[in-house]
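Coordinate analysis (summary)
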Amino acid sequence: MAKLTVDQALLRAKSLERKGELDEARAVYQTVLQSFPGNQPARQAISRLGQPAQSAATGPNPPQDSLDHLMALYKQGHLDIVAEQAERLTREFPGSFALWNLLGASCAQTGRISLAEQAFRSATELKPDFPDAFSNLGNVLKDQGRLEEAVASFTRAIALKPDFAEAHGNLGNAFKNLDRLEEAAACFARAIALKPDHLEAHCNLFELYEKSNRLDSAREALENARKVFPVFPPELKLRNAAYHFRMKEFEMVIAELQDIGAKDLRANSETRRLELLAKSLEKTRRHDEAFLCMHRMNELIKAAHKVFDEPASAYLHNTEMRRQYLQSSRGEKPAGRSASAGPRPVFLVGFPRSGTTLLDAFLRGHPQVEVVEERPMLARTTGLIGEFSPPASIEGLDDETLGRMRGIYFDELKQHVLHDEGKTLVDKLPLNLIMAPEMHALFPDARYILALRHPLDCLLSNYKQIFKPNIAMYLMSDLGQASALYDEAMSVFHLCMERYGLSVHRVRYEDLTHDTEGALKSLVSFLGMEWDATLLDHKRTAAQRRMINTPSYSQIIEDVYTDSNFLWKKYEAQLQPFIPRLQRWMVEFGYI
């Protein structure tokens, strides 16, 4: 190797391959990898020739005491320190697959997903028979929503190690997110069969059944877990409490949750404990205690997801900038656009927790309606023009660009539903409120359903929910930021209603729950459809769905109830500081 450059060595190895001298070719490729572990042509050639690359590709590890020290720091939760030191050591020991795996694990847990993916890929390339790294890579891909890739990575881990219980459980989570629930349940069951005390798999199997409203199966999962754990560990006590909450046994929930110490649970489970406790205390009219639990829950959410601090602030700022532009150009009328060719969606928008999921459940009952729930069709289109482009730029888009954007919209739609063009397509994503300029540019003749609820009830309802972490929903963990987002988002939409002459039908949650048939008949008339009484049987419609991906999954299989209307009054003292910011909307929507 001393007498050959890397390129010369690779050429020599290829020449040996062509001559059929495969052992000699392997030896040359291995020599390249000993000096340059990341050399992809050599690694691919070793794999192609049928010999595992790890023996040549993996270089020396750091001293064992250094690895032990990093592992100790990792177990103690000093993840930032581990990531910093591991990244430094990979420059000195680039062939250490164990070091890359540890770097990936620490980055994954601190929200540096892109770096985690790169690290795990390095580990799998250095050691292609390392099942842990493939399983870890799968988790990172799953967290990015790249579910098919995640399935492939978990499947690879299982192929390498068929009795890898954790990988079976991880594969189950990917299938669950793909709405392949039977396959997910089978994976969790397999993980439990391989490792009966696999606590995570027991918890995941229960949650799959509970969140798909299969409560008999959820109870059975708990009963089976009790055979393994006669004394439930805290994580299963939490799931047991969740089951009792669904049974409306609120005092039992409170007793069980108060018996669990915060230190007994993982951080994300402690937020779930506080959420359940807050809701149960509220049901038993202990509102001050309930609010204290909500506050503690949201403080934990903010601490766990600090990575969203800056992006969330930028999201709010960009919404404000959009509102300021629309306000400053008020009275100006942009050039009109002709109706778009092809199907036109109906956009169901509103502030989160304003009743959009209940409306979704009713609308699905109509044979001529197809609802797509919270999928990123519209967001995908911004890849061509940039997120939060100024409204003036959007209004100036040419027909060719808009045509390409519509193509992206419908290509993304196909990933989630086989749309029947004879049906009315309802695109439900509440905070598309802010994207009214894009919606109008793409579909000038679109109709809009604006879901409304008392602004303070919206604020409160968001504050007591745990959402899947993302930039926008992170703002809901702070009442000040949430009220600012409500004001700015509603301002953007209302200015767009005026600017573009949008066709909008308002549905107030309070009206929907008080006079369901009257509210729905008015909505159906707006959509230009015939009335169908099956709309009213929302419980049957909801029960036929496999998985409902919003916090309202448990509520929409129940009778319509009005208990949560004007619930904010029970928390008036705590919400008082935010009333001035929202008062104009209380007037606008007829609540004052």
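See the structure shown above.
What you see is a predicted model, and the numbers here were worked out from it, not measured in a lab.

**Here we look at helix α5 (residues 64-75)**
With 12 residues, α5 ought to run about 16 Å at 1.5 Å a step, and its terminal C-alpha atoms sit 16 Å apart, in line with that. Of the positions making up α5, those classed as buried are Leu 67, Leu 70 and Leu 73. Down the axis of α5, the sector holding all buried residues measures 125 degrees, keeping them to one side. The exposed set on the far side of α5, more than 90 degrees from its buried face, consists of Gln 64, Asp 65 and Lys 75. Packing partners of the buried residues in α5 comprise α6 (79-92) and α7 (97-109). One or two steps after α5, the chain reaches Gly 77, where phi turns positive at roughly 90 degrees.

**What to know about the packing of aromatic side chains**
For the coordinates displayed, the defined rule picks out 15 aromatic pairs. Relative to Phe 589, the ring of Trp 585 lies with its centre 5.7 Å away and its plane at 25 degrees, an arrangement referred to as stacked. We classify Trp 585 as buried; its relative accessible area is 1%. In this structure, Lys 127 is placed above the aromatic ring of Phe 97, and the distance from its NZ or CZ to the ring centre is 5.1 Å. Looking at Lys 569, its charged tip hangs above the ring of Phe 566, at a distance of 5.5 Å from the centre.

**As for unusual backbone geometry**
The phi dihedral of Lys 248 is positive, around 65 degrees, even though this residue is not glycine. Looking at where Lys 248 falls in the secondary structure, it is placed in the loop between α15 (234-246) and α16 (250-258). Here the phi dihedral of Phe 388 falls at roughly 55 degrees; this positive angle occurs in a residue that is not glycine. Residue placement: Phe 388 occurs in the loop between α21 (377-381) and α22 (391-395).

**Topic: the packing of helix α8 (residues 113-126) against helix α9 (residues 131-143)**
It is the contact of α8 with α9, at a shortest axis distance of 9 Å, that shows an interaxial angle of 155 degrees. Judged by the angle between their axes, α8 and α9 are roughly antiparallel. At the point where α8 passes α9, the crossing takes the left-handed sense. Here Ile 113, Ala 116, Glu 117, Phe 120, Arg 121, Ala 123 and Thr 124 of α8 lie close against α9, whose contacting residues are Ala 133, Phe 134, Asn 136, Leu 137, Val 140 and Leu 141. Broken down by class, the residue content of the contact of α8 with α9 amounts to 9 nonpolar, 2 polar and 2 charged.

**Some words on the pattern of salt bridges**
Scanning the model with the defined rule gives 40 salt bridges in all. The shortest N-O distance in the salt bridge between Asp 129 and Lys 127 comes to 3.3 Å. Since its relative accessible area comes to 19%, Lys 127 is described here as buried. In this structure, Glu 210 and Arg 246 form a salt bridge, with 2.8 Å as the shortest nitrogen-oxygen distance. With Glu 210 in helix α13 (residues 199-211) and Arg 246 in helix α15, the pair connects residues that are 36 residues apart, well separated along the chain. Taken individually, Glu 210 and Arg 246 each receive the classification buried, so the pair is uniform in this respect.

**Concerning the pairing of strand β2 (residues 369-373)**
Both faces of the sheet carry side chains from a regular strand, because those side chains alternate between them. Counting buried positions along β2 gives 5 out of 5 residues, so the element sits mostly inside the fold. Burial along β2 is two-sided: the residues Val 369, Val 371 and Glu 373 and Glu 370 and Val 372 are all buried. Judged from the 5 bridges that link them, β2 and strand β3 (residues 424-428) form a sheet pairing that is parallel. Looking at the pairing, Glu 370 lines up with Leu 425 of β3.

**Quick word on the state of the cysteines**
Using the criterion set out here, one finds 0 disulfides in the structure. Cys 458 provides the cysteine sulfur closest to Cys 496, a residue in no disulfide bond, and the two sulfurs are 19 Å apart. By relative accessible area, which is 0% here, Cys 496 ends up buried.

**Describing the environment of Thr 382**
As for its placement among the helices and strands, Thr 382 is situated in the loop between α21 and α22. Between the C-alpha atoms of Thr 382 and Glu 438, which are 56 residues apart in sequence, the distance is 8.4 Å. Thr 382 has contacts with Glu 387 and Met 435, leaving out every residue within four places of it along the chain.

**A word on the nonpolar core**
Leu 485 and Met 490 are the most contacted members of the largest nonpolar core, which totals 144 residues. No other element matches helix α27 (residues 479-500), which puts 12 residues into this core. Filtering out sequence-adjacent residues up to four positions away, Met 490 remains in contact with Phe 351, Leu 433, Leu 450, Leu 452, Trp 585 and Phe 589. If you look at the next biggest cluster of nonpolar residues, it comprises 22 residues, including Val 346, Val 371, Ala 451 and Leu 523.

**A word on the environment of Gly 518**
By the secondary structure assignment, Gly 518 is in helix α29 (residues 516-526). Take Gly 518: its relative accessible area is 33%, and that puts it in the partly exposed class. Residues Gly 518 and Glu 498, 20 residues apart in the sequence, show an inter-C-alpha distance of 27 Å.

Reading the values: rules and limits
- Residues numbered from 1 in each chain as written.
- Predicted model: local features only at pLDDT ≥ 70, side-chain atom pairs only at ≥ 80, totals over all residues.
- Heavy atoms only, no water.
- Helix = DSSP H or I, 4+ residues; strand = E, 2+ residues; numbered from the N terminus.
- Expected span 1.5 Å × (residues − 1).
- Buried < 20%, exposed > 50% of the residue type's maximum accessible area, 1.4 Å probe, protein only.
- Arc of directions from axis to C-beta.
- Contact = heavy atoms within 4.5 Å.
- Phe/Tyr/Trp six-rings, centres within 6.5 Å; stacked < 30°, edge-to-face > 60°.
- Lys NZ or Arg CZ within 6 Å of the ring centre and 35° of its normal.
- Axes fitted to C-alpha atoms, helices over the stretch in contact; angles between N-to-C directions.
- Parallel < 35°, antiparallel > 145°, perpendicular 65-115°, else oblique.
- Left-handed = near helix turned anticlockwise from the far one by under 90°.
- Nonpolar A, V, L, I, M, F, W, Y, C, P; charged D, E, K, R; others polar.
- Salt bridge = Lys/Arg side-chain N within 4 Å of Asp/Glu carboxyl O.
- Pairing = 2+ DSSP bridges.
- Disulfide = S-S within 2.5 Å.
- Core = buried A, V, L, I, M, F, W, Y, C linked by side-chain atoms within 4.5 Å.

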